[in-house]
Amino acid sequence: QFSGNFTGRIADFKTKNLHIEYGEKSQFYGDIEMMGLPTISETFIHVHTKRFSTNSTDIVNIRIPPYTENKYIKVPQILHDINEFSYTGNITGFVKDMVAYGTFTTPAGVIHSDVSIKESAFKPNELVFSGDVSFSQFDLQKIAKGTHNWGKTSLVVKVKGDMANGKFNKAFVRGDMANIEFKGYNYKNVSIDGLVSNKRFDGQLEILDTNVTVNFSGLFDYSLEVPEFNFHANLAHANLHALGFVDDSISNISMDTHVDFIGLSLDNLKGEIIINSGVFENSHGTYKSQQFTIDVDNVGEHRNIQINSDLFDVTVAGKGSYQELQDYIYDFLHAHIPSIPKRKNYAPHTHLPHFNLSVHIKKADSL
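Rules and cut-offs
Residues numbered from 1 in each chain as written. Predicted model: local features only at pLDDT ≥ 70, side-chain atom pairs only at ≥ 80, totals over all residues. Heavy atoms only, no water. Patch = residues over 30% accessible without salt bridge, like charges linked within 9 Å, V, L, I, M, F, W, Y side chains within 5 Å. Areas by Shrake-Rupley, 256 points an atom, 1.4 Å probe, with all protein chains shown as cover. Salt bridge = Lys/Arg side-chain N within 4 Å of Asp/Glu carboxyl O. Helix = DSSP H or I, 4+ residues; strand = E, 2+ residues; numbered from the N terminus. Buried < 20%, exposed > 50% of the residue type's maximum accessible area, 1.4 Å probe, protein only. Core = buried A, V, L, I, M, F, W, Y, C linked by side-chain atoms within 4.5 Å. Contact = heavy atoms within 4.5 Å. Phe/Tyr/Trp six-rings, centres within 6.5 Å; stacked < 30°, edge-to-face > 60°. Pairing = 2+ DSSP bridges.

Visitor: Quick rundown of a nonpolar patch on the surface? Include the residues and the values.
Guide: Nonpolar side chains collect at one region of the surface, where Phe-2, Ile-20, Tyr-22 and Ile-62 lie side by side and expose about 390 Å² of accessible area between them. Residue position: Ile-62 is located in the loop between α1 (56-60) and α2 (77-82). Classification of Ile-62 by relative accessible area gives partly exposed; the value is 31%.

Here it is in structure tokens:
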């Protein structure tokens, strides 16, 4: 259904107070100008939106030219997650090169945008976007699966990136977060500058919060089958109790860290971690280490770990699976202490473990 005022010819027209209703929940109220029809790709469009509301179901059911084919609008996953939203603002330009300036109101929060969107000159199915985007108390739990630890955030960023077939690809992001919630704690004064893509971040992150001060520079890459990490992080201080990580009311940590390794589980780790000037304080006392290095080299069945510090050295070498060691140790204890109940559920064992362990304590009083 629609109503409004129309002036001009089909090739060059203006509408005023146009009201359109479509599908289940889609409504538009505003003004539209179009010049250049019937070739839609060469048509200049200006849309002044006083109010537009819709949902993802209505959008994906809209057919697009050529109408001789069953082609429909594709929307990013974020719109499926949000489902319903409304918009006020202006859209100006051509179908393949336009600027969107306005405000999105969603169940997750409010988004302000001043972004240009155009078709890539190199890939026809790819859209390139750039501009300014701000989020006001935006609830991250409502836009993606697996974000139950995250809460609301407010941020202002400059973005430049691309998306293909309705899916986000990558973006260069630079800006500031006034706040972001994680595990119930609201982090303040967070700045970001880097490349963000699917499960990958390469850049700089700084937090200047009352309970944590950290400067991160480097790479987190979960997009690979075996994750990769290569970064430097200077943690000036962190109150782990205030941040919600530990129950001990006295839990402070500071350190300077260099990390270069691949893998996520003990059995596929390979690389080096260097911790300089580490200090950990809890209710039992304060522990200091000038340098703490972990060198891991896992190849096939072979396992090698070398830990060196001014407090102690540890070497682990052999064959097997670290993850299965706990089952063998439990069986060993049960054989010698029958009162320990026998475990019922075991994961399938893939290797018979054979390890040599060497421990050298240097400062027993400190430990």
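Visitor: I'd like a description of the nonpolar core, backed by residues and values.
Guide: Membership of the largest hydrophobic core comes to 44 residues, with the highest contact counts inside it found for Phe-138, Tyr-187 and Val-212. If we skip the residues at most four places from it in the chain, Val-212 touches Tyr-187, Ile-207, Leu-235, His-237, Ala-238 and Leu-243. Listed in part, the seven residues of the second largest apolar core include Phe-13, Leu-18, Phe-28 and Met-34.

Visitor: Before we move on, could you go through the pattern of salt bridges and cite the residues and values that matter?
Guide: Counted by the stated rule, this structure contains nine salt bridges. The closest approach of N and O atoms between Lys-170 and Asp-162, which form a salt bridge, is 2.7 Å. In this structure Lys-170 comes out as partly exposed when scored by relative accessible area, which is 31%. On the basis of relative accessible area, Asp-162 is assigned to the buried category, the value being 7%.

Visitor: Could you give an account of the packing of aromatic side chains, naming the residues involved and the relevant values?
Guide: Inspection of every chain in the model, using the stated rule, returns 18 aromatic pairs. A ring pair is formed by Phe-229 and Phe-261, whose centres lie 5.1 Å apart and whose planes are at 35°; its orientation type is tilted. Placement of the pair is Phe-229 in strand β14 (residues 228-239) and Phe-261 in strand β15 (residues 252-262), with a sequence separation of 32 residues. Taking 6.4 Å as the distance between ring centres and 25° as the angle between the ring planes, the aromatic pair formed by Phe-280 and Tyr-287 counts as stacked. The class of Phe-280 is partly exposed, set by a relative accessible area of 30%. In this structure an aromatic cluster arises from ring pairing among Phe-201, Phe-216, Phe-220, Tyr-222, Phe-229, Phe-231 and Phe-261.

Visitor: So what's going on with unusual backbone geometry? Which residues, and what values?
Guide: A cis geometry characterises the amide bond from Leu-37 onward to Pro-38, with omega recorded as 15°. Take Pro-38: it is sitting in the loop between β3 (26-35) and β4 (44-55). Positive phi outside glycine occurs at Asn-83, with the angle close to 75°. The residue Asn-83 is located in the loop between α2 and β5 (84-94) in this model. What makes Asn-83 partly exposed here is its relative accessible area of 30%. Located in the positive-phi region is Ser-277, a residue other than glycine, with phi close to 50°. Here Ser-277 lies in strand β16 (residues 270-282). Since its relative accessible area comes to 45%, Ser-277 is described here as partly exposed.

Visitor: Could you give an account of the side chain of Thr-153, with specific residues and numbers?
Guide: Here Thr-153 is to be found in strand β9 (residues 150-164). Sequence-distant contacts of Thr-153, that is, excluding residues within four places in its chain, are made with Phe-135, Ser-136, Gln-137, Phe-138, Leu-140, Met-177, Asn-179 and Ile-180.

Visitor: Before we move on, can you summarise the pairing of strand β11 (residues 185-197) with the specific residues and values?
Guide: Relative to β11, strand β10 (residues 167-182) runs antiparallel, the two being bridged by 12 bridges. Bridge assignment links Phe-172 to a residue of β11, and that residue is Leu-195. Inspection of the sheet shows β11 paired to strand β12 (residues 200-208) by eight bridges, in the antiparallel sense. Looking across to β12, one finds that Ser-191 is bridged to Glu-206. The hairpin turn running from β11 into β12, its antiparallel successor, is two residues long, and Lys-199 in that turn takes a positive phi close to 60°.

Visitor: So what's going on with the environment of Ala-242? Residues and values would help.
Guide: Topologically, Ala-242 is positioned in the loop between β14 and β15. Each C-alpha atom, one on Ala-242 and one on Thr-315, is 35 Å from the other, the two residues being 73 residues apart in sequence. Beyond its immediate chain neighbours, meaning those up to four positions away, Ala-242 contacts Tyr-185 and Asn-211.

Visitor: Residue-level account of the pairing of β10, with values.
Guide: As defined by bridge partners, β9 adjoins β10 across 13 bridges and the pair is classed as antiparallel. Across the sheet, the residue bridging to Asp-162 is Lys-170, located in β10. The loop that links β10 with its antiparallel partner β11 comprises two residues; one of these, Lys-183, has a positive phi angle of about 55°.

None of this, on its own, says anything about what the molecule does.
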